[in-house]
Amino acid sequence: MLDYATLRVIWWALLGTLLIGFAIMDGFDFGVAGLLKVLGRDNEERQVLLEGIEPTWEGNQVWFILAGGATFAAWPTLYAVSFSGMYFAIALVLLAFILRPVGFNFRGKVHDPRWASLWDWVLTGSGLAVMLLAGVAFGNLFLGLPFRFDDDLRMSWQGGLLDLLHPFALLCGLVSLAMLLAHGACFAALKADHAIAERAVAIARWTTLAFAALYVLAGVWLAWGIPGYAIAGPAATAGVSNPLYKQVAFGGSWFAGYLQYPWFWVAPALALAAAVGVQVLAGRRGVAGFVASSLMVGGTIASAGFALFPFLLPSSLDPRSSLTVWDASSSRGTLQLMLVVTLVLLPVVILYTGWVYRVMRGRVTLEQVRKAHGGY
Amino acid sequence: MILIDTDVVTLSRLQFALTALYHFLFVPLTLGLVWILAIMESVYVMTGREVWKRMVQFWGVLFGINFAMGVATGVTMEFQFGMNWAYYSHYVGDIFGAPLAIEGLMAFFLEATLVGVFFMGWERISRIKHLLVTWFLALGTSLSALWILVANAWMQNPVGAAFNPETMRMEVTSFSAVLFNPVAQDKFVHTVSAGYVLGAMFVLSISAWYLLRGRNLDFAKRSMTVAASFGLAAALSVVVLGDESGYSVSLNQKMKMASIEAMWETEPAPAPFTLFGLPDVEQRTTHYALKIPWVMGLIGTRSLDQTMPGINELVDDAKGRIGNGIQAYDAMLMLRQDKDDAQAKATLAAHDQDLGYALLLKKYVDDPRRATPADIQQAADSTIPNVPVLFWSFRIMVACGFYFIALFAFSFWKASKRTLQSQRWYLRLALWSLPLPWIAVELGWIVAEYGRQPWAIEGVLPTALGVSTVSAGQVLTSLGGFLLFYTALAVVDVVLMLKFARKGPDGLGLWPPATAALSSDRP
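Owing to the predicted nature of the structure, the values given are computational and were not obtained by experimental measurement.

**A closer look at the domain arrangement of chain B**
Residues and elements named next belong to chain B.
And then number 1: Here the domain parsing of chain B yields domain 1 (17–259 + 383–507) and domain 2 (267–301).
And then number 2: Each of domain 1 and domain 2 has a C-alpha centre, and these two points are 30 Å apart.
And then number 3: Contact residues are listed per partner, giving 11 residues for domain 1 and 13 residues for domain 2.
And then number 4: For the domain 1 face of the interface with domain 2, the top three residues by lost area are Phe391, Trp392 and Arg395, together amounting to 41%.
And then number 5: Our enumeration of links across domain 1 and domain 2 arrives at zero salt bridges.
And then number 6: Where domain 1 meets domain 2, there are two residue pairs in polar contact (both at pLDDT 80 or more).
And then number 7: Mapped onto the side of domain 1 that touches domain 2, the elements with two or more residues apiece are helix H7 (217–252) and helix H14 (387–416).

What follows is the structure in structure tokens.
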């Protein structure tokens, strides 16, 4: 049986894995949807783009559902505080997740250009909103969020949707947007008719460039402009899951972890190296460019997670209430059981997902779409 | 100390009820229709007859529209626990979160990943492989129901968990108890069977409409035959297993059982079943009750000599448990001051089963230890759910259940005699029965969940305490958004369903084959 502290670190890594899994797998669906009107110049071209993601977007979205479910199971306090605190931001994301499934399915069910255009806008808008909001939410973690607990561990929150729009958080939103648009463009370059793929390559290069510049800017701002949080005194890594048992110091640096564990630098290095990789490889319109953009996504999210460690959700209102890896988890029994379940089932999921991608492989051409008009 | 806003409680409950009832319009159809698709495709693979493949594709179009709505509205349920029921999520996430996460890993991933291949893979993989995809898709949907109902059953019968005063929440003590919760078994089989009945009725009714119109005759008769056999088996199991479900309710949720029966006083064993009557909440009596002797005792206790407690007796029990709960609450607060206080630990251990009953008082008094006898009486009375609603919902649901057995048995008989088309009144009956399973499943949900009130977790956490600390304005806004978007989507869903059902296999160029050859290979 693993000890409590180790289980918590594993679950922190698993939460990161699920978020990265979501950002890579569903991120390109969002990216393609966000670029729908730019890459697809007429209805047929947009149909090509959508048919490229239609067979697999639904499974990809489960990465998000699972990340939510796993947070509920392994980090219930984090789930409760973030979802209720960022109420309207989460509601907007939810709206996007409600409209996407019906958008994909209903778009082809009525043959009317206005009908298709309506759903194109819904898919584009929901794609852009989620990519942007996810980054804004992540950016706010570094700023701290305005919540505190009472003695019953009931959380209260002071602030609304607009309070989340700090310039640094907006910058993080743009990082996320540029990153996932680039990722989506790399997928379109791999999957769509060559006429569209050519445009996608150009967009992938520009958005990657924008991403790299914004990412470095955010890093510099974080290093010199955003004070960090730290647990005061030795952390009770195997302690009780009650955030109020600790004290938190505010005013340090978010890069403290990077100084303590130099191997953390692998993550940002990977993100930037992969950005160079996208520039070089996107032109091949193959798997290589997509792998590069996937590594870029993974490196970016990991680099943010490393900076926050061991914090999950710092509190600006009452630093002591901050949620950390050591005091916001489920009980040891639940972490252990869920770890076993995940280790057994996730490889199976990856296996059949891989099979589905193999079955549905191949470029979607304009000719195909013209021959068999209408989606599923 | 944060005060709980009663408007937030009311609005959050309303929003949860509406979104759950709405989600449950689509879930049972997915659950049932997918197995009918699997059966049809199996026949196609075994016989090689093209018509069966076309049946899968045609019903698949309707399945796809419904599936999208189910997915879209399901995300809401997961989000809502965090958004609107944050204290609930904190308080029981250690147990409740696990089955939801396992549902994602084991079931939802499977169905969502395979559904694309189901629709778009016909030309890309062999018949056998496609059949396997359909079967695993079906398996995924039912497994999904299993894990959701394991989570739900724990709300009805919270086994395998204990309160931890240091983390102020419930924590798991035995996962096998949570997994093998008897309520979960009963709920799972009852609920999926209800979905199968609904799916069968959907196919039966639309096929009957084609026969009334004289269209797609061989296609519709084959579909009806599958629906009749599958529906009969499902209707029998929904009633038999519903009875099993009733038995488990009577063991674990005596108040819910007594309220369904509007049984105010404890009746001598074996208790009679009240067929009809007018429950009067004010006077705590049921007027004009038409009682059938012995039946309730048999359903509820499986015996002739055990009594079933009535509502008034259960309210008295609740008063006692509130008293114990106050002691537990006091001990919990003492442990907060000194976590090694041995006496407080012993008191909490003795009464932590009743801690939830002290929390019922929070609605009336800040500190349950200061509750007056009047507060305690009020809290004890609040354990009675809405008796007339439960009484009637249950009776209508059960009446529907027996009607389904009769209709599907008759359909099965006609299908075996190959006389499905012979009587137009039968076809009309089959057509107009279409809404009934939806009414039955929604009422079933009301009996199960509204009947659980005032508890979010039976005996552990009152619903009113589970809410997030958000403002009434926030919940009102999101509720308004749901009403707006859900109404719009409902309109689109119904329009598309009607459009494709009206078009039919002939209109879509799927069948007969002369037109099919001219058209695209996809619906």
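**What about the UniProt feature "transmembrane region" (unreviewed entry) in chain A?**
All names here are of chain A.
And then number 1: Residues annotated in UniProt with the feature "transmembrane region" (unreviewed entry) correspond here to residues 12–36, 87–106, 118–145, 165–190, 202–224, 263–282, 289–313 and 333–357.
And then number 2: Span residues 87–106 is 100% helix and 0% strand, its end C-alpha atoms 28 Å apart.
And then number 3: Between the end C-alpha atoms of residues 165–190 the distance is 35 Å, and the span holds 92% helix and 0% strand.

**Points about the side chain of Ser144 of chain B**
Residues and elements named next belong to chain B.
And then number 1: Note that Ser144 resides in helix H4 (residues 127–156).
And then number 2: Of note is the side chain of Ser144, whose polar atom sits 2.4 Å from the side chain of Glu103.
And then number 3: The contact partners of Ser144, leaving out residues within four places of it in the chain, are Glu103, Ala107 and Glu111.

**Here we look at the pattern of salt bridges**
All names here are of chain B.
And then number 1: One pass over the structure, following the stated rule, counts 20 salt bridges over all chains.
And then number 2: In this structure, Arg321 and Asp354 form a salt bridge, with 2.5 Å as the shortest nitrogen-oxygen distance. You can see Arg321 sitting in helix H10 (residues 311–337) and its partner Asp354 sitting in the loop between helix H11 (342–351) and helix H12 (355–359), a full 33 residues away along the chain.
And then number 3: Judged by relative accessible area, which is 9%, Asp354 ranks as buried.
And then number 4: Residue Asp367 pairs with Arg369 through a salt bridge whose shortest N-O separation is 2.9 Å.
And then number 5: We classify Asp367 as buried; its relative accessible area is 12%.
And then number 6: Accessibility expressed as a relative area gives 39% for Arg369, which makes it partly exposed.

**Observations concerning the pairing of strand S1 (residues 161–164) of chain B**
Residues and elements named next belong to chain B.
And then number 1: Examined bridge by bridge, S1 and strand S2 (residues 169–172) share four bridges and lie antiparallel to one another. Its bridge partner being in S2, Ala161 is matched across the sheet by Val172.
And then number 2: Between S1 and S2, which follow one another and run antiparallel, lie four residues, and Met168 among them has a positive phi close to 55 degrees.

**Examining the packing of aromatic side chains**
Residues and elements named next belong to chain A.
And then number 1: Scanning all chains against the criterion turns up 68 aromatic pairs over all chains.
And then number 2: Ring geometry for Phe22 and Phe97: centres 6.5 Å apart, planes at 40 degrees, overall tilted. Here Phe97 lies in helix H7 (residues 87–106) and Phe22 lies in helix H1 (residues 4–25), a separation of 75 residues in the sequence.
And then number 3: The class for Phe22 is buried, based on a relative accessible area of 11%.
And then number 4: The exposure class of Phe97 is buried, given its relative accessible area of 0%.

**Some details on the interface of chain B and chain A**
And then number 1: Contacts between the two partners involve 79 residues from chain B, matched on the other side by 75 residues from chain A.
And then number 2: Between chain B and chain A lies a buried interface of about 6800 Å² when both sides are counted; carbon and sulfur atoms form 72% of it.
And then number 3: For the chain B face of the interface with chain A, the top three residues by lost area are Phe79, Leu105 and Phe109 of chain B, together amounting to 11%.
And then number 4: Summed over the shared surface of chain B and chain A, the number is two salt bridges.

**Some details on the confidence of the model for chain B**
Residues and elements named next belong to chain B.
And then number 1: This prediction gives chain B a mean pLDDT of 92; 98% of its residues lie at or above 70.
And then number 2: When the criterion is pLDDT under 50, residues 515–523 qualifies, and its contacts beyond four places in sequence or with other chains add up to 16 contacts.
And then number 3: Across the predicted assembly, pTM comes out at 0.94 and ipTM at 0.94.

**A short note on the environment of Tyr329 of chain B**
Residues and elements named next belong to chain B.
And then number 1: In this fold, Tyr329 is placed in helix H10.
And then number 2: Judged by its relative accessible area of 4%, Tyr329 falls in the buried class.
And then number 3: Separated by 40 residues in the primary sequence, Tyr329 and Arg369 have C-alpha atoms spaced 7.6 Å apart.
And then number 4: Residue contacts for Tyr329: discarding those within four places in its chain leaves Leu355, Ala358, Leu359, Lys362, Asp367, Pro368 and Arg369.

**Quick word on helix H3 (residues 86–120) of chain B**
All names here are of chain B.
And then number 1: With 35 residues, H3 should cover 51 Å at 1.5 Å per step; its first-to-last C-alpha distance of 40 Å lies more than 12% under that length.
And then number 2: The sharpest bend along H3 measures roughly 90 degrees and falls at Gly93.
And then number 3: In terms of burial, H3 is a largely internal element, 34 of the 35 residues being buried.

**Some words on the packing of H1 of chain A against helix H14 (residues 332–359) of chain A**
Residues and elements named next belong to chain A.
And then number 1: At their nearest, the axes of H1 and H14 sit 10 Å apart, and the two run at 25 degrees to each other. Comparing their axes, H14 and H1 come out roughly parallel. Like other packed secondary-structure pairs, H1 and H14 cross with a definite hand, here left-handed. Residues Tyr4, Leu7, Arg8, Ile10, Trp11, Leu14 and Met25 of H1 touch H14, and the partners they reach there are Arg332, Leu335, Gln336, Met338, Leu339, Thr342, Thr353 and Tyr357.
And then number 2: Across the contact of H1 with H14, the residue classes tally to 10 nonpolar, three polar and two charged.

**Quick word on the pairing of strand S3 (residues 273–280) of chain B**
Residue and element names in this part refer to chain B.
And then number 1: As defined by bridge partners, S3 adjoins strand S4 (residues 285–292) across six bridges and the pair is classed as antiparallel. Within the sheet, the bridge partner assigned to Phe273 lies in S4 and is Ile292.
And then number 2: The hairpin formed by S3 and S4 contains four residues between the paired strands, and Arg284 there has a positive phi angle of roughly 50 degrees.

**A short note on the nonpolar core**
And then number 1: The biggest cluster of nonpolar side chains holds 323 residues, and the ones touching the most others in it are Trp75 of chain A together with Trp59, Tyr88, Tyr91 and Phe202 of chain B.
And then number 2: Considering each element in turn, this core owes the most residues, 21 residues, to H3 of chain B.
And then number 3: Excluding its chain neighbours within four sequence positions, the residues that come into contact with Phe202 of chain B are Leu29, Leu33, Trp59, Leu62, Leu434, Trp438 and Met497 of chain B.
And then number 4: One finds Met257, Met263, Met296 and Met308 of chain B within the second-largest nonpolar core, a separate group that totals seven residues.

**With respect to helix H2 (residues 27–34) of chain A**
And then number 1: The element H2 of chain A is largely enclosed, with a buried count of eight among its eight residues.
And then number 2: Every buried residue of H2 of chain A is accounted for by Gly27, Phe28, Asp29, Phe30, Gly31, Val32, Ala33 and Gly34 of chain A.

**Here we look at a positive patch on the surface**
And then number 1: A cluster of like positive charges, contributed by Arg358 and Arg361 of chain A together with Arg124 and Lys129 of chain B, occupies part of the molecular surface.
And then number 2: If you trace the backbone, Arg361 of chain A turns up in the loop between H14 and helix H15 (366–371).
And then number 3: With a relative accessible area of 52%, Arg361 of chain A lands in the exposed category.

**Notes on unusual backbone geometry**
And then number 1: Here Gln453 of chain B and Pro454 of chain B are connected by a cis peptide whose omega angle stands at 10 degrees.
And then number 2: Within the secondary structure, Pro454 of chain B sits in the loop between helix H16 (436–449) and strand S5 (455–457).
And then number 3: Along the chain, Trp511 of chain B connects to Pro512 of chain B via a cis peptide bond; the corresponding omega equals 5 degrees.
And then number 4: Within the secondary structure, Pro512 of chain B sits in the loop between helix H17 (472–507) and helix H18 (513–518).
And then number 5: Here the phi dihedral of Leu153 of chain A falls at roughly 65 degrees; this positive angle occurs in a residue that is not glycine.
And then number 6: With respect to the element layout, Leu153 of chain A can be found in the loop between strand S1 (147–149) and strand S2 (155–157).
And then number 7: Classification of Leu153 of chain A as buried rests on a relative accessible area of 3%.

Calculation notes
- Residues numbered from 1 in each chain as written.
- Chains lettered and ligands numbered in written order.
- Predicted model: local features only at pLDDT ≥ 70, side-chain atom pairs only at ≥ 80, totals over all residues.
- Heavy atoms only, no water.
- Domains from an automatic or database assignment.
- Contact = heavy atoms within 4.5 Å.
- Buried area = accessible area lost by both parts, 1.4 Å probe.
- Salt bridge = Lys/Arg side-chain N within 4 Å of Asp/Glu carboxyl O.
- Polar contact = N/O pair within 3.5 Å; in protein donor to acceptor, adjacent residues only side chain to side chain.
- Helix = DSSP H or I, 4+ residues; strand = E, 2+ residues; numbered from the N terminus.
- UniProt positions renumbered as here; feature names shortened; annotations may be inferred.
- Buried < 20%, exposed > 50% of the residue type's maximum accessible area, 1.4 Å probe, protein only.
- Pairing = 2+ DSSP bridges.
- Phe/Tyr/Trp six-rings, centres within 6.5 Å; stacked < 30°, edge-to-face > 60°.
- pLDDT = per-residue confidence, 0-100.
- Expected span 1.5 Å × (residues − 1).
- Bend = angle between axes of the 7 residues up to and from the residue.
- Axes fitted to C-alpha atoms, helices over the stretch in contact; angles between N-to-C directions.
- Parallel < 35°, antiparallel > 145°, perpendicular 65-115°, else oblique.
- Left-handed = near helix turned anticlockwise from the far one by under 90°.
- Nonpolar A, V, L, I, M, F, W, Y, C, P; charged D, E, K, R; others polar.
- Core = buried A, V, L, I, M, F, W, Y, C linked by side-chain atoms within 4.5 Å.
- Patch = residues over 30% accessible without salt bridge, like charges linked within 9 Å, V, L, I, M, F, W, Y side chains within 5 Å.
- Areas by Shrake-Rupley, 256 points an atom, 1.4 Å probe, with all protein chains shown as cover.
- Lys, Arg positive; Asp, Glu negative; His and termini not counted.
- Charge placed at Lys NZ, Arg CZ, Asp CG, Glu CD.

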